[in-house]
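Inside the fold
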Amino acid sequence: MKHTIRQVFRSGKFLLGFSIFLALLLIMIFYPLIIKDAPLAMIGRGTFFPPGTYVNVYDSIGSPHYTLMLDDAAANRIASKLSNDDRLAMRDWLVADGIPENQIDINDTKTLLDQWENNYDPKKQVEGMTLAKQRYYLRLNTSLQGLLSTEGVIIAANNPQSGALEEADGVAQTDYVNIKEVPNVRVLPLGTDNFGRDVLTELVSALATSLKIGLVAGMVATLIGLTLGLLSGYIGGLIDDIIMFITNIFTVIPSFVLLILISFSIGQEHRGAFTIAVVIGFTSWVWTTRAVRAQVISLRNRDHVNLSKLSGHSVIHIILADILPYIASYVVMAFILQVSSGILTEAGLSILGLGPKTTEVPTLGLMLNWALIYQAPTLGKWWAYIPVIVIIALITFSMNLMNTGLDQVFNPALRD
Amino acid sequence: MSKVMLEVRELTTKYITRFRENVYAVDHVSLKVEEGKSLGISGESGCGKSTLALSLMGYYFAPLHYTSGEIIIDGRNITGMDPDDIRKSILGTEISYIPQSAMNALNPTQKVIHFIEDVFQAHDRCKTKKEIHEFAKEAFETLGLPAEVLQRYPVELSGGMKQRTVIAVSVVLSPRVLIADEPSSALDVTSQKMVIKMLKSLMGSGFIKSMIFITHELPLLYNVTDDIMVMYAGQIVEKGTAKEVVLDPLHPYAKGLMGSIIVPEKGLRDVKLTAIPGVPPNLKKPPSGCRFAERCKYARTECKVISVPLHDAGPGRAYRCILSEKELREAYQHAR
Amino acid sequence: MPGEKNSYLSGTGLTKVFRSGRQKTVAVDHVHFDFHEGEVISIVGESGSGKTTLAKMLLGLLKPTGGEVYFQGKKRDIGTRKKKKEYWKSIQAIFQDPFSAYNIFHKIDAVLLDCINMRGGRHLPHAKRVELMTEACGFVNLKFEELTNKYPFELSGGQQQRLMIARVFLLKPKILLADEPTSMIDACSRATILDMLMQLRNEIGMTIVFITHDIGLAYSVSDVVYIMEHGRFVESGSADEVILHPKETYTRRLIADVPKIHEVWDLSTV
């Protein structure tokens, strides 16, 4: 036993899978201890806020201002306001004006602006330019002038006594605040989803729920499969026929269809995470039963089983002491596969909208469901669905990797 | 004096385990096999006879490593040859080796004739397919195998037939020495007899010039080989002609071994079978003295301390014990 | 001589047919046998002759398809589990591969303790049980203090087989079936195993039935020999009769195919 465990932890594949899994588990456990927000709290008024650090503007006005003279401040300011289309338009005008193309770099904002400032003249006639286009360049130039000014901004507030707008404060272009002194700053590494929920917190909570569902489903399926497989494999005869008959029925009916039907009939009201997990478990035990039964059939004629019989042991004792330990490694692997498939099945169900209730806990599948319904892919809001997909992939990958590693330890013939 | 086909001088080879320990499985073994003669090697499992077979070919791959000694085949010293050279020029052509359960070497998805074509091609013998077929047919007929076997798949053949087929294929290139490791152990008695008959006829028909037969079953060696060598814990403890070793063994281990032979003959029931208690020593730390001393009935105090060389007891006869022939024979008489 | 000893285990027309779908294989075909108390019997047959199936039926591990088995003169009745347990107090077995006969997850003590329990020693104090186990191990030249708390794979093949014999010593059955007990043991240790079995027989008057393919082994230890081919007994009689003066062709061939030392081994008969 100890020797086997030592070998398991020497297997490269198992270690890799185990580390990924452990990392996910640790995140799952420690994240909620640090960030104590409710996962389904709608913090964003509005949909799909992109990922980033969100600083409260009201508080930053009131926080101490620091003056920093940075060279590229103006350029950065303008660069963010100048869209790519505008830059291309500026380049076209400059080229038409006679500036060689290779001297113009649309990404170098400063030089581009200098060139524009030096050369633009609204009165210059460029061949082939429509009136609309001319007006566009005029507007562009005016807005650039605005951008190039170094005037600050004046904040006015209502005087509580007179009710009139009074000058309260001024903000210069060189004023900076230290984020640490701003009381309300929120980092949203993965932005918000369509409901305005913090995707990262939601994701961690969903991971925990999905894992729990997977575990419960896996345990239910493995227990049913193990018991039925042991009984039908060892006792044989009529019991074997009955169990195989039931197994065949469950094989013929596609389990996913069965799941959908059961899920639907339970109704939205009663579909908690735990119920779904048990239902998944009840429809996916077939493969485990068959596999365990095959192993047991090959074991029941072994000499040590015969010796046990000759020593007067009961059927239950023989099954538990002489058969079960020999298939234990196999059952562990089957369990891991069942958990991983349980997670995937739940995700599949939830995408269809037949998963656990949407108001209590998020699951990985539910997050994908929301993303799809609210058209995140079409809108280009990648943070609403890509992280979920990555997590699902990582979890199933790590479990399958552990499984392959274990397989190689238990089946030396498979080692490379 | 006939030509010496295979001569081995003080060959020592070792296994290196996963934990970097050296296990000297073959310890300073010397032997000589002449043209037209066969040598049998016997001993209990773990004594090193299969390792010796592998070592004799000079084809070492981890964890088996060569340590010292010389191997000379028909005058040609192959010690230290590159494994690739050995594969091309020695294996199959000078020495041929049949491992235990050789019948499993047949590819179940290919006909037997394909296997033979493979052997020829691997040795760069440029013969056309037709020539190979003709040759194979002739060879099989000479060896007493039905020619139709060539067109069969291995699953269609019985265990005995498969074993004989593999033996036939391993000698198509007429090697000087054939090494057979337990060629008949996995078969029933009748198939075993057919394999033995075939091996004897191989010598008679000139397909091979000499043979080394390895098995733990002594009655087989008695009936097949000219000379017998008994191994214990990686060393040779007795050698001589088959009759000498089986009917008049000198070394106490050999004596015990011969006393435990069971054959269905008259007189078997009147003799008490000898049992040798204990287990062979661990070859990771071989004892400094005689390796058999712990289990030996006639051991003296010196036996466990001094290392014992082989003593000559006549032409081609030797045994590894510090007691003289006379002393041993007297002791055996006493024990009766 | 028949009639002197009591018939201990006998059978008439014992048959076992295996059915798989439409196919049927007759493994044991209407065999008659009569084992007497204290005898050493050998059933000799090649692989596929049905001898292992016959052994399993005798042990009560396999249900016969036809025929009757008589135990101590009366029809054998092992219908219920209780009766089977009772039966197994009188009949035990040793298997061919000592290693696979042990549960590799249990220490070897478990095997011996099971035997003590079977003989009703479940409530004996620990010290007494250790004493019984030490005595049993001593009989087979093993030291219990060295073996206790070890796992089967820590013992050699010969030690494992001897421990199986120690188990039989504890159970003291009236009849023992030994299925190829020495085929996986080295030649030098074979005599030890056979010696111990014979000693056991002498001490407790046990009947031994050897099941083997080795006709030499059969000749060296048995009183009575049965030759089995394709599920039938083709010849039977005292060891000397069957081996030295075989009547049937199959028996003759079987003997002729084994290499000899003092007699000539004729290779031309294949």
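Fair warning: this is a prediction, and the values are worked out from it, not measured in the lab. Each chain has its residues counted from 1, running along the sequence as written. Chains and ligands are labelled sequentially in the order written, the chains with letters from A and the ligands with numbers from 1. pLDDT decides what is reported in this predicted model: residues at 70 or higher carry local features, side-chain atom pairs at 80 or more are listed and counted, and totals for whole chains, interfaces and linings draw on all residues regardless.

**A closer look at the overall build of chain C**
Strands are runs of DSSP state E lasting at least two residues, helices are runs of H or I lasting at least four, and both sets are numbered from the N terminus onward. Per the secondary structure count, chain C includes 10 helices and 10 strands. C-alpha atoms define the radius of gyration in this analysis, and the globule rule sets the expected value at 2.2 Å times the number of residues to the power 0.38. Here the C-alpha radius of gyration of chain C, 19 Å, is about what a compact globule of 270 residues would show, namely 18 Å. C-alpha extents for chain C along the principal axes are approximately 60 × 45 × 45 Å. Buried positions account for 44% of the 270 residues belonging to chain C. Contact criterion: two residues are in contact if their C-beta atoms, reconstructed from the backbone, are within 7 Å. Of the contacts formed within chain C by residues at least 6 apart in sequence, a portion of 68% connects residues at least 24 apart. Here a residue counts as buried when 20 or more other C-beta atoms sit within 10 Å of its C-beta, as exposed when there are 12 or fewer, and as partly exposed otherwise, the C-beta atoms being derived from the backbone.

**Some words on the overall build of chain A**
For chain A, the helix and strand inventory stands at 17 helices and 6 strands. Taking 22 Å as the expected radius of gyration for a compact globule of 416 residues, we find that chain A reaches 33 Å, considerably beyond that expectation. Taking the principal axes of its C-alpha atoms as reference, chain A extends roughly 110 × 60 × 45 Å. A burial count over chain A gives 31% of its 416 residues as buried. In chain A, 73% of the contacts between residues at least 6 apart in sequence involve partners at least 24 apart.

**Remarks on the arrangement of the chains**
Where the 2 pairs of chains in contact are concerned, the greatest contact count is recorded for chains B and C. Regarding chain A and chain B, which are not in contact, the minimum distance between any of their C-alpha atoms is 14 Å.

**Structural notes on the nonpolar core**
A set of buried Ala, Val, Leu, Ile, Met, Phe, Trp, Tyr and Cys residues, joined through C-beta atoms within 7 Å, is what we mean by a nonpolar core. Membership of the largest hydrophobic core comes to 169 residues, with the highest contact counts inside it found for I179(B), I165(C) and V209(C). For I165(C), the contacting residues outside a window of four places in its chain are I94(C), V140(C), M196(C), L197(C) and L200(C). Among the nonpolar cores identified, the runner-up in size contains 65 residues, and V220(A), I323(A), L349(A) and L364(A) belong to it.

**Some points on the interface of chain C and chain A**
Opposite the 16 residues of chain C that make contact, chain A presents 12 residues. The set of elements that each furnish at least two residues to the side of chain C that touches chain A consists of β6 (91-94) and α3 (108-118) of chain C. If one sorts the elements of the side of chain C that touches chain A by residue count, α3(C) sits on top with 3 residues. Classification convention: Asp, Glu, Lys, Arg as charged; Ala, Val, Leu, Ile, Met, Phe, Trp, Tyr, Cys, Pro as nonpolar; all other residues, Gly among them, as polar. When grouped by side-chain class, the residues that make up the side of chain C that touches chain A number 10 nonpolar, 3 polar and 3 charged.

**Brief notes about the interface of chain B and chain C**
If you look at the interface, chain B gives 34 residues, while chain C gives 31 residues. When residues of the side of chain B that touches chain C are traced back to their parent elements, those giving at least two are α6 (189-205), α7 (218-224) and α9 (252-259) of chain B. No other element matches α6(B), which puts 7 residues into the side of chain B that touches chain C. For the side of chain B that touches chain C, the class distribution of residues is 18 nonpolar, 8 polar and 8 charged.

**Some points on the packing of helix α8 (residues 199-235) of chain A against helix α9 (residues 237-252) of chain A**
Residue and element names in this part refer to chain A. In the contact formed by α8 and α9, the axes pass within 7 Å of each other and the chain directions differ by 140 degrees. By the criterion of interaxial angle, the relationship of α8 to α9 is oblique. Relative to α9, α8 is oriented so that their crossing is left-handed. On the side of α8, the interface is formed by L228, L231, S232 and I235, while α9 contributes G237, I239, D240, I243 and M244. Axis definition: a line fit to C-alpha positions, over the contact stretch in the case of helices; interaxial angles, taken between N-to-C directions, run 0 to 180 degrees. Here is the rule for angles: anything less than 35 degrees is roughly parallel, anything more than 145 is roughly antiparallel, 65 through 115 is roughly perpendicular, and the remaining ranges are oblique. Helix crossings get a hand from a simple test, with the near helix turned counterclockwise from the far one by less than a right angle marking a left-handed crossing and a clockwise turn marking a right-handed one.

**Considering the domain arrangement of chain A**
Domains assigned within chain A are domain 1 (2-45 + 195-414), domain 2 (54-69 + 151-188) and domain 3 (73-142). Computed over C-alpha atoms, the centres of domain 2 of chain A and domain 3 of chain A are 33 Å apart. Domain segmentation is taken from an automatic or database assignment of domains.

**What about the packing of helix α12 (residues 286-299) of chain A against helix α14 (residues 315-351) of chain A?**
The axes of two packed helices give the description: the angle between them and the distance between them. Residues and elements named next belong to chain A. The contact between α12 and α14 brings their axes to 10 Å, and the two run at 160 degrees. By the criterion of interaxial angle, the relationship of α12 to α14 is roughly antiparallel. Remark: the crossing between α12 and α14 carries right-handed chirality. When α12 is examined against α14, the residues T288, A291, V292, Q295, V296 and L299 are found in contact with a partner set consisting of I323, Y326, I327, Y330, V331, A334 and Q338. Residues that form the contact of α12 with α14 fall into these classes: 10 nonpolar, 3 polar and no charged.

**Observations regarding helix α10 (residues 249-256) of chain C**
Those residues of α10(C) lying buried are T251(C), L254(C) and I255(C). Around the axis of α10(C), the buried residues are gathered within 95 degrees of arc, so they sit on the same side. Buried-residue contacts for α10(C) involve α6 of chain B together with α8 (215-221), β9 (224-229), β10 (232-238) and α9 (239-244) of chain C. When we speak of the arc, we mean the arc of directions from the helix axis to the C-beta atoms.

**Thoughts on unusual backbone geometry**
We note that S174(B) has phi near 50 degrees; this positive angle belongs to a residue other than glycine. Tracing the chain through its elements places S174(B) in the loop between α5 (159-170) and β7 (177-181). One non-glycine residue with positive phi stands out, namely K172(C), at about 45 degrees. Its location among the elements puts K172(C) in the loop between α6 (157-171) and β7 (175-179).

**Remarks on the environment of I276(A)**
Residues and elements named next belong to chain A. By secondary structure assignment, the location of I276 is in helix α11 (residues 273-283). Taking the C-beta count within 10 Å as the criterion, I276 has 28 such neighbours and is therefore assigned buried. Residues I276 and N84 lie 192 residues apart in sequence; the distance between their C-alpha atoms is 50 Å.

**Re the sheet that holds strand β3 (residues 40-44) of chain C**
By way of backbone hydrogen bonds, the strands of a sheet pair with one another, either parallel or antiparallel. Residues and elements named next belong to chain C. The 6 strands lie next to each other as β6-β7-β8-β3-β9-β10, forming an open sheet whose pairing is mixed. The sheet terminates laterally at β6 and β10, the two strands that pair on one side only. Strand-to-strand, the axes of this sheet are offset by a mean angle of 15 degrees, without reference to chain direction. Strand pairing is assigned whenever DSSP detects at least two bridges linking the two strands. Pairing between β7 and strand β8 (residues 207-212): 5 bridges, direction parallel. The residue of β8 that forms the bridge with L177 is V209. Helix α1 (residues 51-59) contacts β3, β6, β7, β8 and β9 of the sheet and is inclined by roughly 155 degrees relative to β7.

**As for the pairing of strand β9 (residues 227-232) of chain B**
Residues and elements named next belong to chain B. Within β9, 6 of the 6 residues are buried, which leaves the element mostly enclosed by the surrounding structure. Residues of β9 alternate between two faces, with D227, M229 and M231 on one and I228, V230 and Y232 on the opposite face, all of them buried. In this structure, strand β3 (residues 38-42) lies alongside β9, joined through 4 bridges in parallel fashion. Residue pairing in the sheet places I41 in a bridge with M229 of β9. Bridging between β9 and strand β10 (residues 235-241) involves 6 bridges; their strand directions are antiparallel. Bridged to M231 within β10 is I236. The hairpin turn running from β9 into β10, its antiparallel successor, is 2 residues long, and A233 in that turn takes a positive phi close to 50 degrees.

**Structural notes on the sheet that holds strand β12 (residues 318-319) of chain B**
All names here are of chain B. One open sheet holds the 8 strands; their spatial order is β6-β7-β8-β3-β9-β10-β12-β11, and the pairing between them is mixed. Every other strand in the sheet has two partners, leaving β6 (95-98) and β11 (311-312) as the edge strands with one partner each. In the sheet, β7 pairs with strand β8 (residues 210-214) via 5 bridges, with the strands oriented parallel. Paired with D181 across the strands is I214, a residue of β8. Each of β3, β6, β7, β8 and β9 touches helix α1 (residues 49-56); the most contacted strand, β7, lies at about 150 degrees to it.

**Brief notes about the environment of R201(C)**
All names here are of chain C. Note on placement: R201 falls in helix α7 (residues 187-204). Each C-alpha atom of the pair R201 and C188 lies 21 Å from the other, and the pair is 13 residues apart in sequence. Residues contacting R201, with those up to four places away along its chain left out, are V40, M206 and I208.

**Focus: the pairing of β7(B)**
Residues and elements named next belong to chain B. Burial of β7 is extensive: 5 of the 5 residues sit out of reach of the surface. Pairing analysis gives 4 bridges linking β6 to β7, with the strands arranged parallel. Bridge pairing in β7 links I95 to V177. When the strands point away from the viewer, a crossover counts as right-handed if the route from the first strand across the helix to the second turns clockwise. Traced from β7 through α6 to β8, the parallel crossover comes out right-handed.

**Re the environment of G259(B)**
Residue and element names in this part refer to chain B. Mapped onto the fold, G259 is located in helix α9. Given 18 C-beta atoms within a 10 Å radius, G259 is considered partly exposed. Separated by 107 residues in the primary sequence, G259 and R152 place their C-alpha atoms 44 Å from one another. With near-sequence residues (within four places) excluded, G259 lies in contact with L273 and T274.

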